[in-house]
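Chain by chain, the residues:
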Amino acid sequence: MPVVDVNTKLVGLLGNPLGHSFSPAMHNKAFETLGLNYFYLPIEVTADDLPTVAAGIAKMNFAGYNITIPHKIRIMDCLDAIDPLAQAIGAVNTVVLEKGHATGYNTDGEGFVRSLEAESGMTVDGKRYFILGSGGAARAIAMTLAFKGAQKIFLCNRTEQKAHDLAVEINTKVSPCSEVVPRDPARMASAVQQADVLINTTSIGMHPEEDRIPIESDLIPAGVIVSDIVYNPARTKLLQVAEAKGCKTVPGLGMLVYQGTEGFRKWTEAEPPVEVMFEVVRALKG
Ligand code: ATR
């Protein structure tokens, strides 16, 4: 147990219910590894209490906090400033406090990008992406890719209207790079063939439905990089099928760890011990 004293900088995790999160163990181990007098603290807070708690935290010895379900949108009304990418995404998962001034960021998409770049060796700008799904995670990823200079973002979703709405937002708020692909095999095949990276942001393939795959395997071309944000199991059926075709694959655990490393960097201004953070999350996942 670390020593918490009057000089300790606290970092919170605000959500409800919090259930089991990897973040406290991951950040506390990282603080300990670097010898930083910080402590990461889960705080369950109801939607009604969120403004009061956020205002109280801003007056205390907190360096900042993470926000998780269901407060990522509502917290935006409790902050002094919002980073342009978080504003475009429309959700905040990380807050930095400086002398009581609260700034909101969204590191989910940045976490995805760091993981993709680290594990595939590519850089994201100027590339073409095919994204399965158009929910909250797809939104963070697609907006971040557009901010970072994606040449093309194809969006394909069960509910096509949601893909359409997201594409319009990307095209008007960031750059006109996004296009909706109907869930028709021929249209999907044509778009995936143009893509450098195929990304699954749906929950298809997640435990306990490990046998499911979000796209027909014969629609996956051999040359595409395949990324799945599902991290349980570590190697989803999509990734296994893609590997068998010789594709480079990027598992979902990296996005989870790197969204945390980006918060860590902002709160401490120190270089996060990435490998230590991966080890903690791998051990907790079992
Ligand atoms: P998250 O925050 O993880 O992105 P979400 O906002 O609920 O979660 O989005 C889930 C995404 O997975 C959506 O794109 C959803 O499709 P719909 O918009 O049609 O609901 C997609 N998804 C979930 N289950 C699915 C399924 N069985 N088949 C196809 N798509 C599915």
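Anyway, here's the lowdown on the structure attached to this text. Per-chain numbering applies: the sequence of each chain, read as written, is numbered from 1 onward. Where local features are concerned, this predicted model is filtered to residues with pLDDT of at least 70; where side-chain atom pairs are given and counted, the filter is 80 or more; whole-chain, interface and lining totals use all residues. The basis for the side-chain values is all heavy atoms of the structure; hydrogens and waters are excluded.

Focus on the nonpolar core
Alright, step 1. By convention a nonpolar core is built from buried Ala, Val, Leu, Ile, Met, Phe, Trp, Tyr and Cys residues, the set being connected through side-chain atoms within 4.5 Å. Buried, partly exposed and exposed residues are distinguished by accessible area as a fraction of the type maximum, computed with a 1.4 Å probe on protein chains only: under 20%, between the cut-offs, and over 50%, respectively. One finds Phe112, Leu116, Tyr129, Ile131, Leu145, Ile153 and Leu155 to be the most contacted residues of the largest nonpolar core, which totals 32 residues.
Alright, step 2. Starting at the N terminus, helices and strands are each numbered in turn, a helix being any DSSP run of H or I of at least four residues and a strand any DSSP run of E of at least two. Elements represented by at least two residues in this core include exactly α3 (84–89), α4 (108–120), β7 (128–132), α5 (136–147), β8 (152–156), α6 (160–173) and β10 (197–200).
Alright, step 3. Examining the composition of this core, we find that seven residues originate from one element, α5, more than from any other.
Alright, step 4. No fewer than three residues from each of domain 1 (9–106 + 255–285) and domain 2 (109–251) sit in this core.
Alright, step 5. Each residue touching leucine 145, except ones within four places of it in the same chain, is listed here: Phe112, Val113, Val124, Tyr129, Ile131, Ala150, Ile153 and Ile199.
Alright, step 6. Among the nonpolar cores identified, the runner-up in size contains 22 residues, and Leu256, Phe264, Met277 and Val280 belong to it. For each domain, the first and last residues come from an automatic or database assignment. Contact criterion: two residues are considered in contact whenever any of their non-hydrogen atoms come within 4.5 Å of each other.

Thoughts on the pattern of salt bridges
Pairing between side chains becomes possible if they bear opposite charge and their charged atoms approach one another.
Alright, step 1. Whenever a carboxyl oxygen of Asp or Glu lies within 4 Å of a side-chain nitrogen of Lys or Arg, that contact is scored as a salt bridge. Tallying each qualifying case throughout the model produces 13 salt bridges.
Alright, step 2. Among the ionic pairs, glutamate 32 bridges to lysine 29, the shortest N-O distance being 4.0 Å. Taken as a pair, glutamate 32 and lysine 29 lie in helix α1 (residues 23–34) at a separation of three residues, close to a single helical turn.
Alright, step 3. Among the residues examined, lysine 29 registers a relative accessible area of 37% and is labelled partly exposed.
Alright, step 4. Arginine 235 is the partner of glutamate 243 in a salt bridge, and the nearest nitrogen-oxygen pair spans 2.4 Å.
Alright, step 5. Looking at arginine 235, the relative accessible area reads 44%, which means it is partly exposed.
Alright, step 6. The structure contains a network of salt bridges with shared partners spanning Glu110, Arg114, Lys148, Glu262, Arg265 and Glu271.

As for the pairing of β10
Alright, step 1. Residues Val197 and Ile199 of β10 are buried on one face, and the alternating residues Leu198 and Asn200, pointing to the opposite face, are buried as well.
Alright, step 2. By the bridge criterion, four bridges tie β7 to β10 in an arrangement that is parallel. Within the sheet, the bridge partner assigned to phenylalanine 130 lies in β10 and is leucine 198.
Alright, step 3. Here, strands pair whenever DSSP counts at least two bridges between them. Taken together, the four bridges between β10 and strand β11 (residues 225–228) define a ladder with parallel strand orientation. Looking across to β11, one finds that isoleucine 199 is bridged to serine 227.

Digging into the sheet that holds strand β3 (residues 62–67)
Alright, step 1. Spatially, β2-β1-β3-β5-β6-β4 is the arrangement adopted by the six strands of the open sheet, whose pairing is mixed. Pairing within the sheet leaves two strands with one partner each, and these edge strands are β2 (38–44) and β4 (81–82).
Alright, step 2. Pairing of strand β1 (residues 9–15) with β3, which is carried by five bridges, proceeds in the parallel orientation. Residue pairing across strands places valine 11 opposite glycine 64, the latter belonging to β3.
Alright, step 3. Throughout, an axis means a line fitted to C-alpha atoms (over the contacting stretch in the case of helices), and angles, computed between N-to-C directions, take values from 0 to 180 degrees. Docked against the sheet, α1 engages β1, β2 and β3, running at close to 165 degrees with respect to β2.
Alright, step 4. Against the sheet, helix α9 (residues 253–268) contacts β1, β2, β3, β5 (94–98) and β6 (101–105), and its axis sits at roughly 5 degrees relative to β5.

Notes on the site of the ligand
Alright, step 1. Residues are counted as near a molecule or strand when any one of their heavy atoms sits within 4 Å of it. Around the ligand, 14 residues are found, and the nearest of them are Gly136, Ala137, Asn157, Thr159 and Lys162.
Alright, step 2. In protein, a polar contact requires one atom able to donate a hydrogen and another able to accept it; more generally it is a pair of N or O atoms within 3.5 Å, and residues adjacent in sequence count only if both atoms are side-chain atoms. Contact between the ligand and asparagine 157: an oxygen atom at 2.7 Å from a side-chain N or O atom of the residue.
Alright, step 3. The contact in question runs from an oxygen atom of the ligand to an N or O atom on the side chain of threonine 159, over 2.5 Å.
Alright, step 4. Only the protein chains shown count as covering a residue, and every accessible area follows the Shrake-Rupley method with a 1.4 Å probe. Starting from 640 Å² of accessible surface for the ligand in isolation, the protein chains cover 66%.
Alright, step 5. Among the residues making up the shell around the ligand, the classes are represented as two nonpolar, eight polar and four charged. Classification convention: Asp, Glu, Lys, Arg as charged; Ala, Val, Leu, Ile, Met, Phe, Trp, Tyr, Cys, Pro as nonpolar; all other residues, Gly among them, as polar.

Some thoughts on the sheet that holds β11
Alright, step 1. Pairing within the open sheet is parallel, and its six strands lie in the order β9-β8-β7-β10-β11-β12. Each edge of the open sheet carries a strand with a single partner, namely β9 (178–180) and β12 (249–250).
Alright, step 2. Bridge analysis of β8 against β9 gives three bridges, and the strand direction is parallel. If you follow phenylalanine 154 over to β9, its bridge partner there is glutamate 179.
Alright, step 3. The strands touched by α5 are β7, β8 and β10; relative to β7, the strand with the most contacts, the crossing angle is about 170 degrees.
Alright, step 4. Relative to β7, helix α7 (residues 185–194) is tilted by about 140 degrees, and along the sheet it contacts β7 and β8.

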